[in-house]
Amino acid sequence: TRTSRPQRILKAVQRKATVGDPQSVITAIDHFCRHREWAMNVGDEKGSILDSVVNEVSPVTVLELGTYCGYSTVRIARLLPPGACVITLEFNPDYAAIARQVIKWSGLEDKVQLVEGASGDCIPWMKEHFGVQAFDLVFLDHWKERYLPDTKLLEECGLIQKGTVLLADNVICPGTPDYLEYVRNSPRYNSHYYRSHLEYTKAEDGLEKSVFLGY
Ligand SMILES: Nc1ncnc2c1ncn2CCCCCNC(=O)c1cc(-c2ccc(F)cc2)cc(O)c1O
Ligand SMILES: [Mg+2]
């Protein structure tokens with residue numbers, strides 16, 4: 001097919017959503033992915049859980065690993081008060097280009113910093129480049145085998161401090177067994193599993209919320 005799936009998702013947003021209305025962007029993507037073409041957005045069911053965690057934490061600085069088309073970036077940014085922001089890392093330049101347009105359509109570009117690069121390369125530069133002290137919330141939604149090494153990297157870089165909340169997508173499907181084992185058995189995390197479903201399907205999946213307790 002001539003266009004990519006992310007390009008078709010952007011088209012659905014431009015056709016169905018209202019500029020400056022984040023909820024209409026979210027609704028347009030969910031409708032397209034439920035009725036036209038499945039895509040790996042966190043989706044509406046897990047997205048509601050994400051919303052509740054964002055509201056509970058009311059973070060000032062958020063890190064998102066894995067932007068894709070910007071669906072969860074918009075979900076997070078729309079709930080942030082003025083002065084708060086989400087830094088989102090995307091490895092794939094084609095995905096990043098689409099995400100920038102989706103975020104712009106939602107009118108949330110002032111609350112979002114999209115960085116193109118691999119998590120392992122970018123995380124060590126976070127403090128220096130973005131003046132981040134520590135993240136209040138980290139949403140993990142990138143390569144599933146990178147969840148654990150990147151969590152350890154965030155700890156080593158001092159970007160996770162007492163009270164930082166990690167929220168991980170896909171801990172069942174596709175699954176992140178080594179990450180789950182780590183956060184559930186570490187004395188330095190308090191973990192809770194929010195049972196849900198893989199976006200737009202009946203398959204089980206869920207989000208794991210882990211609060212860092214400090215050293
Ligand atoms: N900054 C960075 N650093 C490292 N990797 C980076 C990155 N930025 C991007 N990536 C590379 C991530 C590529 C996408 C990751 N997400 C996934 O792979 C994913 C897959 C499914 C899925 C489930 C069942 C199926 F049958 C098929 C697929 C569902 C999901 O919700 C998923 O999030
Ligand atoms: Mg995911």
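Residues numbered from 1 in each chain as written. Chains lettered and ligands numbered in written order. Predicted model: local features only at pLDDT ≥ 70, side-chain atom pairs only at ≥ 80, totals over all residues. Heavy atoms only, no water.

Trainee: Explain the layout of surface pockets here, please?
Mentor: Summary: where empty space remains is shown by rolling a probe the size of a single water molecule over the atoms. Volume-wise, the largest pocket comes out at about 490 Å³. If you trace the largest pocket, you find 30 residues lining it, with Met 40, Gly 66, Asp 141, His 142 and Trp 143 closest to the centre. For the lining of the largest pocket, the elements supplying multiple residues, two or more each, are α4 (71–77), β2 (85–90) and α9 (171–175). (1 Å grid on protein atoms, 1.4 Å probe; cavity = no way out; pocket = protein on both sides within 12 Å on 5 of 7 lines; lining within 4 Å. Points joined across faces, edges and corners; volume = space filled by probe spheres on them. Helix = DSSP H or I, 4+ residues; strand = E, 2+ residues; numbered from the N terminus.)

Trainee: What am I meant to see in the sheet that holds strand β3 (residues 112–116) here?
Mentor: Read across the open sheet, the seven strands follow the order β3-β2-β1-β4-β5-β7-β6; overall the sheet is mixed. Lying at the two open borders of the sheet, with one neighbouring strand each, are β3 and β6 (189–197). Strand-to-strand twist in this sheet, taken as the mean axis angle between neighbours without regard to direction, amounts to 15°. Alignment of β2 against β3, held across five bridges, turns out to be parallel. Bridging across to β3, Thr 88 finds its partner in Leu 114. The sheet contacts of helix α3 (residues 43–57) involve β4 (135–140), β5 (160–168), β6 and β7 (204–212), and relative to β6 the element is tilted by about 150°. Against the sheet, helix α5 (residues 93–106) touches β2 and β3, its axis set at about 170° to β3. (Pairing = 2+ DSSP bridges. Axes fitted to C-alpha atoms, helices over the stretch in contact; angles between N-to-C directions. Contact = heavy atoms within 4.5 Å.)

Trainee: What's the story with the site of ligand 1 in this structure? I'm lost.
Mentor: Every one of the 19 residues lining ligand 1 counts as a neighbour, but Gly 117, Ser 119, Asp 141, Asn 170 and Glu 199 are closest to it. Within the side chain of Asp 141, one N or O atom sits 2.8 Å away from an oxygen atom of ligand 1. Starting from 700 Å² of accessible surface for ligand 1 in isolation, the protein chains cover 78%. The site holding ligand 1 turns out to be the largest pocket. Broken down by secondary-structure element, the contributors of at least two residues to the shell around ligand 1 are β2 and α9. Looking at the shell around ligand 1 residue by residue, the class counts come to nine nonpolar, five polar and five charged. (Near = heavy atom within 4 Å. Polar contact = N/O pair within 3.5 Å; in protein donor to acceptor, adjacent residues only side chain to side chain. Areas by Shrake-Rupley, 256 points an atom, 1.4 Å probe, with all protein chains shown as cover. Sits in = over half its atoms within 2 Å of the grid points. Nonpolar A, V, L, I, M, F, W, Y, C, P; charged D, E, K, R; others polar.)

Trainee: I tried to follow the coordination of the magnesium ion (ligand 2) on my own but got confused; where do I start?
Mentor: Put simply, a metal with four donors set out as a tetrahedron has ideal angles of 109.5 degrees, and one with six donors set out as an octahedron has ideal angles of 90 or 180 degrees. Taken together, the protein ligands of the magnesium ion (ligand 2) are Asp 141 (OD), Asp 169 (OD) and Asn 170 (OD1), with distances of 2.0 to 2.2 Å. Every donor residue of the magnesium ion (ligand 2) comes from the same chain, spaced as D-x27-D-N. Of this pair, Asp 141 sits in the loop between β4 and α8 (147–156) while Asp 169 is found in the loop between β5 and α9, placing the two residues 28 residues apart along the sequence. The class for Asp 141 is buried, based on a relative accessible area of 14%. The buried category is assigned to Asp 169, whose relative accessible area is 0%. (Donors = N, O, S within 2.8 Å, 3.2 Å for Na, K, Ca; no water. Buried < 20%, exposed > 50% of the residue type's maximum accessible area, 1.4 Å probe, protein only.)

Trainee: Any chance you could explain the confidence of the model for the protein here in plain terms?
Mentor: Atomic detail in the predicted coordinates should be set aside for any region of low pLDDT. Residues at a pLDDT of 70 or more form 100% of the protein, whose mean pLDDT is 98. For this predicted complex, the interface score ipTM comes out at 0.97, alongside a pTM of 0.98. (pLDDT = per-residue confidence, 0-100.)

Trainee: What is the right way to look at unusual backbone geometry in this model?
Mentor: Both trends apply: most residues other than glycine have a negative phi, and most peptide bonds are in trans. Residue Pro 174 is bonded to the preceding Cys 173 through a cis peptide linkage, with omega at 5°. For Pro 174, the position within the fold is in helix α9. In this structure, Ser 58 is a non-glycine residue whose phi angle is positive, near 35°. Structurally, Ser 58 is set in the loop between α3 and β1 (61–65). The phi angle at Tyr 68 is positive, at roughly 55°, despite the residue not being glycine. Mapped onto the secondary structure, Tyr 68 falls in the loop between β1 and α4. Among the residues examined, Tyr 68 registers a relative accessible area of 9% and is labelled buried.

Trainee: Sorry, what's going on with the packing of aromatic side chains here?
Mentor: Each aromatic ring pair is characterised by the separation of its centres together with the angle its planes make. With the rule as written, the count across this model stands at six aromatic pairs. Here Tyr 147 and Tyr 179 contribute two aromatic rings whose centre-to-centre distance is 5.7 Å and whose plane-to-plane angle is 85°, an arrangement assigned as edge-to-face. Within this pair, whereas Tyr 147 is found in helix α8, its partner Tyr 179 is found in helix α10 (residues 177–185), the two being separated by 32 residues in sequence. Neither Tyr 147 nor Tyr 179 differs from the other in exposure class; each is buried. Grouped by ring-pair contacts, the aromatic residues Tyr 182, Tyr 189, Phe 212 and Tyr 215 constitute a single cluster. (Phe/Tyr/Trp six-rings, centres within 6.5 Å; stacked < 30°, edge-to-face > 60°.)

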